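Reading the structure
For reference, the chains in residue letters:
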Amino acid sequence: MFPFSTAERNTSLGANLTDDGCSFGLWAPRAEKVELALVDEDGSQRIFEMQPSDGSWNIFIPGVKAKQRYGFRVHGQWAPDKGMRSNPHKLLLDPLAKAITAGIDYSGPIFDHAKESYYVPDVKDSAAYVPLSVVVEPTKPARPIKNRKALSDSVIYELHVKGFTKLHPAVPEHLRGSYAGLAYPAVTDYLKSIGVTAVELLPVHHFISEPFLIRRGLVNYWGYNPIGFFAPHSGYCSVGSLGEQVSEFKAMVSALHDADIEVIIDVVYNHTGEGGIDGPTLCYRGIDHQGYYRLTPDLRSDYDVTGCGNSINTSHDDVLELIISSMRYWVQEMGVDGFRFDLAPELIRDKHHNVDLAHPFKQIIDSDPILSDIKMIAEPWDVGPDGYQIGAWGSRWSEWNDQYRSQIRDYWRGYNNGVGQLATRLSGSSDIFNQNGRPSSASINFVTAHDGFTMRDLTTYNNKHNKRNGEKNHDGSNDNRSCNYGIEGETDIPEINELRARQVRNMLATLMLSRGVPMVTAGDEFGRTQMGNNNAYCQDSPIGWVNWESDPEWAHIRDLMAKLAQIRADSGLIRNQRFLGHDEIKDSEGRGLGRYELAWLTESGTEMNMDDWHDKSRKILGMYMSDADNAELIWYYNGTEPLEVTLPDDSWGKKFSIELHTGLDEEFAEKEFSSGKFFVMPARTVVYMKVSVDDKQQCA
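Anyway, here's the lowdown on the structure attached to this text. (Residues numbered from 1 in each chain as written. Predicted model: local features only at pLDDT ≥ 70, side-chain atom pairs only at ≥ 80, totals over all residues. Heavy atoms only, no water.)

Once that is clear, we can look at the overall build of the chain. Each helix and strand counted, the chain has 18 helices and 33 strands in total. Computed over the C-alpha atoms, the radius of gyration of the chain is 27 Å, within 12% of the 27 Å expected from 2.2 N^0.38 for a compact globule of 700 residues. Based on the C-alpha atoms only, the size of the chain along its principal axes is roughly 90 × 60 × 50 Å. Considering only contacts in the chain between residues 6 or more positions apart, those separated by 24 or more positions represent 71%. Counting only carbon and sulfur atoms, one obtains 48% of the accessible surface of the chain, whose full area is about 26200 Å². Side-chain charges in the chain split into 70 positive and 98 negative, and the spacing between the mean points of these groups amounts to 1 Å. (Helix = DSSP H or I, 4+ residues; strand = E, 2+ residues; numbered from the N terminus. Rg over C-alpha atoms; globule rule 2.2 N^0.38 Å. Contact = heavy atoms within 4.5 Å. Areas by Shrake-Rupley, 256 points an atom, 1.4 Å probe, with all protein chains shown as cover. Lys, Arg positive; Asp, Glu negative; His and termini not counted. Charge placed at Lys NZ, Arg CZ, Asp CG, Glu CD.)

This paragraph deals with the pairing of strand S1 (residues 14-18). Relative to strand S2 (residues 21-27), S1 runs antiparallel, the two being bridged by five bridges. When the bridges of S2 are listed, threonine 18 appears paired with glycine 21. Two successive antiparallel strands, S1 and S2, enclose a turn made up of two residues. (Pairing = 2+ DSSP bridges.)

Per the stated rule, a full pass over the model turns up 40 salt bridges. For the salt bridge of aspartate 288 with arginine 30, the shortest nitrogen-to-oxygen distance reads 2.9 Å. One end of the pair, aspartate 288, is in helix H7 (residues 284-292); the other, arginine 30, is in the loop between S2 and strand S3 (33-39), and 258 residues separate them in sequence. Among the residues examined, aspartate 288 registers a relative accessible area of 3% and is labelled buried. Across the pair lysine 654 and aspartate 650 runs a salt bridge, and its minimum N-O distance is 3.6 Å. Among the residues examined, lysine 654 registers a relative accessible area of 32% and is labelled partly exposed. Connected via shared salt-bridge partners are Arg148, Glu262, Asp337, Asp373 and Lys375. (Salt bridge = Lys/Arg side-chain N within 4 Å of Asp/Glu carboxyl O. Buried < 20%, exposed > 50% of the residue type's maximum accessible area, 1.4 Å probe, protein only.)

Glancing now at the sheet that holds S2. In space, the four strands of this open sheet follow the order S1-S2-S6-S5, with antiparallel pairing throughout. Here the strands that pair on one side only, and so sit at the sheet edges, are S1 and strand S5 (51-53). Between one strand and the next, the sheet's axes are offset by a mean angle of 25°, whatever the strand orientation. Here three bridges tie S5 to strand S6 (residues 56-62), and the two strands are oriented antiparallel to one another. Its bridge partner being in S6, glutamine 51 is matched across the sheet by asparagine 58. (Axes fitted to C-alpha atoms, helices over the stretch in contact; angles between N-to-C directions.)

Without other data, these values stay purely geometric and don't point to any function.
Set out below in structure tokens:
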């Protein structure tokens, strides 16, 4: 598929140190001349003309050492009506740079066009105002994890590298908000204590802020605005930006691996921080606008299916190779265990911008030995035509399940029409994923994520409060599916605060006990709030940071999280990869035992019938799972009054023991019951029961 092998490409492009110097290479097939600029500490430049070879440009410079800053000047046609915007006055980043210096001077001439028109070139030099590529000395790869877990055994914890430790009292101040801070023993110990098996890091590729944010005095905090696919973000390094970020990232991954925690990174390969043609020219646009980006039919503007100004052109072999090479690098050198792909359908659009489920991007991943046991998680939608592709990604992939998120939020705020949809989501969303042999771990279940309310805010605010973002509260979703339980915002009324905490316990328990893979957002396990902001992408502030001094009434949820993680780890039924059916369990001689692999029970202890499923006023559902030796029964009840619940007869189990509940301790004086007995289910509660079963057929 590619013009030459990845190994050849990796040694010919980028900056590659040798004992006596450094070779530099750039893919720029439409360029007429390419110059390498070595930038010294005082800002002065040494310019070298590179030599062309099959669309690439190369040069070897003796004596170059690590930490050397550099960039490229690309000469060629300025022909915006042909998708060509070469402007040698703009110093450009290396797309394969392993490190990038921090900072852009947004007041400088960072745009390739003049102020009066996007189609007139700007001739002012940008070198003093843009980030630079850095030559990086090769170092040992990050230590691999000893035993990479199956996705079905995972508890994913989504966090922001800076925001997670910025206020952490046990992390030394000089390490807070950095890769080193996340690697600090107090942090890894905490993650282990609550049962986390994998952290999913918000973008760590080097990113920049959009000019409109800078004008408001804000920044791109989340990082979904990348400018380098090989370079770890320099702003998260505690000691420097001249390659130190590479070593510190590797050390962070090694420390997490030593704690038996995998590292998944949220990658934004769908667009870059250059935005549309009105944005800054820092790298790709100046090298080959027509090659790197999807363009409109007239070639004059970017074809945008991301909502971010541009879209990466994965229908071009060399651009696709850049992305695959980046993935291999982050696996082999940086040590990551998985990828979550932002706006993933953009990556599988063809040259006509149509979604192609057999796209080479997927084919390469399916067959690549380096990526064979790496977790692949799609955000299965973008904003383009046919962009909603949930359930379509195939057996190699897992997908964010927004239908799970919506249903669980609706159920606990009391907006459900019966329990049919609830049952489908609890059991792995078979309507979406049970096809072509896909496992239940295809569904990445979540109630909250970085984008939207925290769990606490779901119970505290009916409406978003985003005015600090500077967009007059117009940004962020209006479809929050939240409930404030009588008062908008924080309150001192104990009854409301207890109800809010209870509902967080219910949502967390539902998430952790559902079939599929749970993803918990950092801080939800102890009541983190963003004060009603549901779009904190620009809030590098206490709004976006995790506050570790949580309110006492929320702190107990940490213990619940740990217990839920342990239950999940111990339960082969919850983690079973197969989609369970209503199949009778049989003994060793093949005789039916009168109980089932999966069954749904009413409060009367009987199986749900068609009338029950169509009862839109139904508030309670029992989820029963069993195999030959084990059984579990989980009750979900969103009613506002206590309800008497009768346990099923002894064909389903002899004893029913409450192992966990989301109510108050005084609401459960008894915790062990015989078959056929009843207990009182408190309002708005989840109850998890272990069931003692026989492995022999019952007498008639």
